[in-house]
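Each chain is listed here by its residues.
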Number of protein chains: 2
Amino acid sequence: MPENIATSEAGSPLYLRVRDQLAEQIERGEVTANIKLPSERVLAERFETTRVTARLALAQLEAEGRIYRSNRRGWFVSPPRLIYNPTEDYSFSDNAVTQGRLPRTETLEVRCTVASAWLAGKTGLETGDPVVLVRRRRYLDERPVLVENIYLNSRHLPGIKGFDFNRSLWKLLRDQYSVDLVQKKIEMFPTALVDPQASALSVNAGTAGLCVNRCSRDAAGVFVEFDEEFWLHDTLSIQVNVA
Amino acid sequence: MPENIATSEAGSPLYLRVRDQLAEQIERGEVTANIKLPSERVLAERFETTRVTARLALAQLEAEGRIYRSNRRGWFVSPPRLIYNPTEDYSFSDNAVTQGRLPRTETLEVRCTVASAWLAGKTGLETGDPVVLVRRRRYLDERPVLVENIYLNSRHLPGIKGFDFNRSLWKLLRDQYSVDLVQKKIEMFPTALVDPQASALSVNAGTAGLCVNRCSRDAAGVFVEFDEEFWLHDTLSIQVNVA
DNA sequence: CCGTGATACTGGTCTATACCAGATAAGTGG
DNA sequence: CCACTTATCTGGTATAGACCAGTATCACGG
C-alpha cells in the first residue's frame, strides 16, 4: 500500500487541515492499533472549531481506513488490513493467525430454504431449489469485520445442516464430502453496508464496505456453494495471483 | 448484485427515511442513468427538513453507489457498474464498448524517473532503477472514473516512452515488444481518494474509491509493468474466474 | 451572429446549539 | 464482595442559519 499522505496547504478547508494533523499524530504517536482517540468534543475544542467540523475530519480518516468508530464508544486507530485471497481455499482462521491476528467465527443462523430468483441467476440453480443458508459473523481481535450468507446445495450435500459451521467450511466439504471447489466465479464491489448487515456488524447504515460474492463448483462443474461476504472496508486487502 | 433495498421503519432516523424515499423514486421513475436530482435546498424543503439532513441522505445513496455528485453542479443517478476483470488482458475500451459504454483515455503525463523504495518493494526492482511513469485518466460516457500510474521497466522496453498511451497498453506491449504478461500479482483495497487522485477525478477529497495494484511479468518472470489504478467506488464491479 | 459580463443557482464549508440513546464509570445498598 | 442504580460521557441525529466558490444561464452589447 502506498503511503499516500496527503498534506493540505494553508488555504485548504479547515476539516482537511484537522484531518492531516490527526493523521500525523496517529503516525507519530501511539501507532498501536485500537487506541482510542480523544472525544469529538475535545477534538473540536483543541482545534478551535465545532463538533460538526471535527466529525468531517474524522469521517475523512474513516474513509481512508485509518480509524474506525465503535458505536457511542469513540474512535479508534485501525489495525492493519487482513490480506485475503478469495480465489484460494484456506481457512479464515489460519490466514488470520498467520498474520498475527486473533480470529473468531460465530454462526448466526442455519436454515433450510429455497433459491430465490436472484440466487438462481447467480448459481444456475432453478428458483425454488432447496438450499441451506448459513449466516456467519467473523471477528478479528474481537472486532466484527464481516458477515456472510452461505448458500449450500443441499441436494449435493446431504446432511450438511447438522455440522458445526464455526470451523472452516472448506475443510468440512473436503473431509466429510470429499468435495474440492475447483471452479469459482468471484465478484467484488465496494458498497455501503445497510441493514441487516450494518446492524450485524454494529455499525451505522451507510458505513463503507466491500461485497465479495463467490460461486464455487466441484470438478464436474456442479454447483456446491454460493458465498456472499460483507466486509468492513478498512479491514481487508484483496490479493490474487495469476500464474 | 443483490437488490438489497433497505426500507426503514417509522421509528428510524429522518435521514434514512429520506434516503429510502429517494431510492424509491430512483427505482420507479426516470431510472435512466445520469439524470440530475433536485437541488439540496429543494429536497430539504420537500422533505420538510434542513440541508444538513438532506445531505446526510444523499451521502448514504452515494455510499451505496446509487448516485454521484459533480462538483457544484448537482447530484446524478449512477450508471451501472463496469464489469472489470483485472486478471485478464483486454482493452479497457473494448470492454467498455461491449457493455454499451463510451470509453475515453487521456494521457496526463509520460516521464522518465527512477524506482522509489515503495515501487522497488512491490516489483523486485532495485531502488533507483530506471522506469517510465505514465499517468492516465479514463472516462466512461465522459465521466472520469479512474486515474492510473503505470510504471514500465524501461530496461526491458527500450523506446517505450515514444509511443501513444491513449491506446491499449497491453496491445502495445504485444505488438511492439512481443511481450505477453502471463504472471500477475494483484492487490485491491477500498480506500478514500485523496489528492492528487481526487482532483484528477474532479471529486472531493475523501470520496470512496478502490485502489487496484497490478504487478505484471513476462513468461520468464521478468518485471514488465506495475499499474496502480484509482477507481471511483461506484463505477466498477470486479469479476474474476478461477478455473 | 458571437462573445461577454452580470446574475442566479449549485454544492462546499462552517458556526452554534440542542436533545437523544447507548456505553461506561461511579456510587450505593445489600 | 457483588448487584443494582445513577450520573456522566460518548457519538448520533437534527435545526437554523451563514458565506464562499465554482457552474450555468441569459440578457446585453458589439
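Residues numbered from 1 in each chain as written. Chains lettered and ligands numbered in written order. Predicted model: local features only at pLDDT ≥ 70, side-chain atom pairs only at ≥ 80, totals over all residues. Heavy atoms only, no water.

Student: Would you explain the protein's contact with DNA strand D in this entry?
Tutor: Every one of the 22 residues lining DNA strand D counts as a neighbour, but Arg51(A), Arg72(A), Leu14(B), Thr49(B) and Arg73(B) are closest to it. Expressed as a percentage, the sugar and phosphate content of the atoms of DNA strand D within 4 Å of the protein is 65%. Contact between DNA strand D and Glu40(A): a phosphate oxygen at 2.8 Å from a main-chain N or O atom of the residue. Taking Arg69(A), its side chain carries an N or O atom lying 3.0 Å from a phosphate oxygen of DNA strand D. For the surface near DNA strand D, the secondary structure elements donating two or more residues are α2 (40–46), α3 (51–63) and β2 (74–77) of chain A together with α1 (14–28) and α3 (51–63) of chain B. Broken down by element, the residue count for the surface near DNA strand D peaks at 3 residues, all from α3(B). Along the lines of polarity and charge, the residues of the surface near DNA strand D split into 5 nonpolar, 7 polar and 10 charged. (Near = heavy atom within 4 Å. Polar contact = N/O pair within 3.5 Å; in protein donor to acceptor, adjacent residues only side chain to side chain. Helix = DSSP H or I, 4+ residues; strand = E, 2+ residues; numbered from the N terminus. Nonpolar A, V, L, I, M, F, W, Y, C, P; charged D, E, K, R; others polar.)

Student: Any chance you could explain the protein's contact with DNA strand C here in plain terms?
Tutor: Near DNA strand C you find 22 residues, and of these Leu14(A), Thr49(A), Arg73(A), Glu40(B) and Arg72(B) are the closest. Backbone sugar and phosphate groups make up 67% of those atoms of DNA strand C lying within 4 Å of the protein. Within the side chain of Tyr15(A), an N or O atom sits 2.9 Å from a phosphate oxygen of DNA strand C. Within the backbone of Glu40(B), an N or O atom sits 2.8 Å from a phosphate oxygen of DNA strand C. If you list the elements that add at least two residues to the surface near DNA strand C, you get α1 (14–28) and α3 of chain A together with α2 (40–46), α3 and β2 (74–77) of chain B. In terms of residue count, α3(A) provides more of the surface near DNA strand C than any other element does, 3 residues in total.

Student: Looking at this structure, I do not really get the side chain of Gln239(B). What am I missing?
Tutor: Positionally, Gln239(B) belongs in strand β10 (residues 236–242). For Gln239(B), a relative accessible area of 19% corresponds to the buried category. Discounting chain neighbours no more than four positions away, the residues touching Gln239(B) are Lys185(A), Ile186(A), Glu187(A), Ile83(B), Tyr84(B), Asn85(B) and Pro86(B). (Buried < 20%, exposed > 50% of the residue type's maximum accessible area, 1.4 Å probe, protein only. Contact = heavy atoms within 4.5 Å.)

Student: Would you mind going over the packing of aromatic side chains with me for this structure?
Tutor: Here a ring pair, both rings aromatic, is described through the centre-centre distance and the interplanar angle of the planes. The tally for this structure, following the rule as stated, stands at 12 aromatic pairs over all chains. Measuring from ring centre to ring centre gives 5.7 Å for Trp118(B) and Phe226(B), while their planes differ by 90 degrees; the resulting arrangement is edge-to-face. Of the two residues, Trp118(B) sits in helix α5 (residues 117–123) while Phe226(B) sits in strand β9 (residues 223–232), which places them 108 residues apart along the sequence. Members of the aromatic cluster, connected to one another through ring pairs, are Tyr84(A), Phe92(A) and Trp231(A). One cation-aromatic arrangement involves Arg143(B) over Tyr68(B); the distance from NZ or CZ to the ring centre is 3.7 Å. (Phe/Tyr/Trp six-rings, centres within 6.5 Å; stacked < 30°, edge-to-face > 60°. Lys NZ or Arg CZ within 6 Å of the ring centre and 35° of its normal.)

Student: Help me understand the sheet that holds strand β4 (residues 103–114) of chain B, please; the structure alone is not making it clear to me.
Tutor: Backbone-to-backbone hydrogen bonds pair the strands of a sheet. The strands run either parallel or antiparallel. One open sheet accounts for 8 strands, arranged β3(A)-β10(A)-β7(B)-β8(B)-β9(B)-β6(B)-β5(B)-β4(B); its pairing is mixed. Whereas interior strands pair on both sides, the edge strands pair on one side only; in this sheet they are β3 (82–84) of chain A together with β4 of chain B. Direction aside, the axes of adjacent strands within the sheet are offset by 20 degrees on average. As paired strands, strand β10 (residues 236–242) of chain A and strand β7 (residues 183–193) of chain B are joined by 5 bridges and run antiparallel to one another. Pairing of Val240(A) across the sheet is with Ile186(B), part of β7(B). (Pairing = 2+ DSSP bridges. Axes fitted to C-alpha atoms, helices over the stretch in contact; angles between N-to-C directions.)

Student: Is there a simple way to explain the domain arrangement of chain A in this structure?
Tutor: Accessible area lost upon the coming together of the parts is a frequently used measure of interface size. All names here are of chain A. Here the domain parsing of chain A yields domain 1 (14–77) and domain 2 (82–238). Distance from the C-alpha centre of domain 1 to the C-alpha centre of domain 2: 33 Å. Taken together, the contact between domain 1 and domain 2 spans 7 residues of the former and 5 residues of the latter. Buried area between domain 1 and domain 2, summed over both chains or domains, comes out near 520 Å², and the portion from carbon and sulfur atoms is 42%. Counting across the interface, domain 1 meets domain 2 through 0 salt bridges. Our enumeration of links across domain 1 and domain 2 arrives at 3 residue pairs in polar contact (both at pLDDT 80 or more). Looking at the side of domain 1 that touches domain 2 element by element, the count peaks at 3 residues for strand β1 (residues 67–70). (Domains from an automatic or database assignment. Buried area = accessible area lost by both parts, 1.4 Å probe. Salt bridge = Lys/Arg side-chain N within 4 Å of Asp/Glu carboxyl O.)

Student: What is the right way to read the pattern of salt bridges from this model?
Tutor: Residue and element names in this part refer to chain A. With the rule as written, the count across this model stands at 44 salt bridges over all chains. With a closest N to O distance of 2.9 Å, glutamate 62 and arginine 69 form a salt bridge. Accessibility expressed as a relative area gives 30% for arginine 69, which makes it partly exposed. The partner of aspartate 94 in a salt bridge is lysine 171, and the shortest N-O contact between them spans 3.2 Å. Remark: lysine 171 occurs in helix α6 (residues 169–177) and aspartate 94 occurs in helix α4 (residues 92–98); sequence separation between them is 77 residues. Since its relative accessible area comes to 40%, aspartate 94 is described here as partly exposed. Under the relative-accessibility criterion, lysine 171 is labelled partly exposed at 30%. A single network of salt bridges, built from pairs that share partners, joins Arg19, Asp20, Glu27, Glu64 and Arg66.

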